[in-house]
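Structural features, examined
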Amino acid sequence: MTTTTRSFTRLSSTPLTSRIGAEINGVNLREELSDETIAEIRTALLTYKVIFFRDQDITEEQHIAFARRFGDLEVHPMTREDQPYPEVFHLRTRPDGSTSGADMWHSDVTWRAEPSLGSVLRGRIIPDVGGDTMFADMVAAYEGLSPAMKDWVCGLTAIHDGSGFASYLGMPVEQWHERFPLQEHPVVRTHPETGERALYVNCSFTRSIKGLSKKESDWLLDHLYAQASIPEYQCRFGWRANSIAFWDNRSCQHYAVADYAPAMRAMERVTIMGDKPFLNPDRE
């Protein structure tokens, strides 16, 4: 299935590809938006899976206020306790010039019992060259599987684990798991708003397939991960300062291209809480 250009009354959209991604125009995020405008932005998000806004010189308060129009906000465990707005997760190049570790295909916080609905990322400091973010349509990734593979993976459950963050916090893995236990999510999830099916495994946080041997699990996960790397399922966004990306973590993955070191890159992310992933067995 491909997306089509949608007609809106309070904004306009310019698709980046026929499958995923669109730039949104006619919206000033410094203003308090009407319920009708927010509804159109939500429709655009569901249609294109990731939407982009340019030239939005907003404050942290305005960033939080915009994201909160779509749901409650989470606080990432990596957020510094002394910062004034805990909802804002700061992503910066490390002092040694290395990148943030987001240069892998992933969906945010799938290690939570109720992973996020979406993320709103603002570009603060952007390298002169490089630093794009790529997005992959995981509905297309599922649809691209063979019928036999679809039948198999729709009956499987994956184990998700966020303990890779433990070392950054100086925390034993056992302590992390006390706070954030391993989570089980369906390998294929049903989008709660559109009803579409999407692959819901990612190489950052998915550890294994429940009930399979390690060899079987590793083979299958590698096969499913590779679906995100198919160019026809992707779009690529070139950042400028004060650009904003708003993506649906339920239906797409992203990859922060690490091709700008040792230049500085500083981003601010606000993440919207979601719900427990599920698969509706009665709807394809």
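The present account deals with the structure reproduced in this document. (Residues numbered from 1 in each chain as written. Predicted model: local features only at pLDDT ≥ 70, side-chain atom pairs only at ≥ 80, totals over all residues. Heavy atoms only, no water.)

1. Thoughts on the sheet that holds strand β11 (residues 206–209)
Sheet architecture is open: three strands sit in the order β8-β7-β11, paired in antiparallel fashion. Of all the strands in the sheet, the pair left with one neighbour each is β8 (183–186) and β11. With strand direction ignored, the average angle separating the axes of adjacent strands in the sheet is 35 degrees. Of the pairings in the sheet, the one linking strand β7 (residues 157–160) to β8 comprises four bridges and is antiparallel in character. Bridge pairing links H160 to Q183 in β8. (Pairing = 2+ DSSP bridges. Helix = DSSP H or I, 4+ residues; strand = E, 2+ residues; numbered from the N terminus. Axes fitted to C-alpha atoms, helices over the stretch in contact; angles between N-to-C directions.)

2. Section: the packing of aromatic side chains
As enumerated under the stated definition, the model contains 15 aromatic pairs in all. Between F66 and F246, the aromatic rings sit 6.0 Å apart at their centres with planes inclined by 80 degrees, giving edge-to-face as the arrangement. Of the two residues, F66 sits in helix α2 (residues 60–68) while F246 sits in strand β13 (residues 244–248), which places them 180 residues apart along the sequence. You can call F66 buried: its relative accessible area is 6%. F246 gets classed as buried once you look at its relative accessible area, which sits at 0%. (Phe/Tyr/Trp six-rings, centres within 6.5 Å; stacked < 30°, edge-to-face > 60°. Buried < 20%, exposed > 50% of the residue type's maximum accessible area, 1.4 Å probe, protein only.)

3. Some words on the pairing of strand β5 (residues 118–125)
Summarising burial for β5: six of the eight residues are buried, a large majority. With five bridges joining them, β5 and β13 adopt antiparallel strand pairing. Bridged to V120 within β13 is F246. Bridge analysis of β5 against strand β15 (residues 266–272) gives seven bridges, and the strand direction is antiparallel.

4. Quick word on unusual backbone geometry
At the junction of A261 and P262, the peptide bond is cis and its omega measures out at 5 degrees in the coordinates. Within the element layout of this structure, P262 appears in the loop between β14 (252–256) and β15. Although it is not a glycine, N242 adopts a positive phi angle of roughly 70 degrees. Locating N242 in the fold gives a position in the loop between β12 (234–237) and β13.

5. Brief notes about α2
Within α2, the full set of buried residues consists of E60, H63, I64, F66 and A67. Looking straight down α2, one finds that the buried residues subtend no more than 165 degrees of arc, so they occupy a single side. Structurally, α2 contributes buried residues whose contacts are with α1 (35–48), β3 (50–53), β4 (88–92), β5, β13 and β15. (Arc of directions from axis to C-beta. Contact = heavy atoms within 4.5 Å.)

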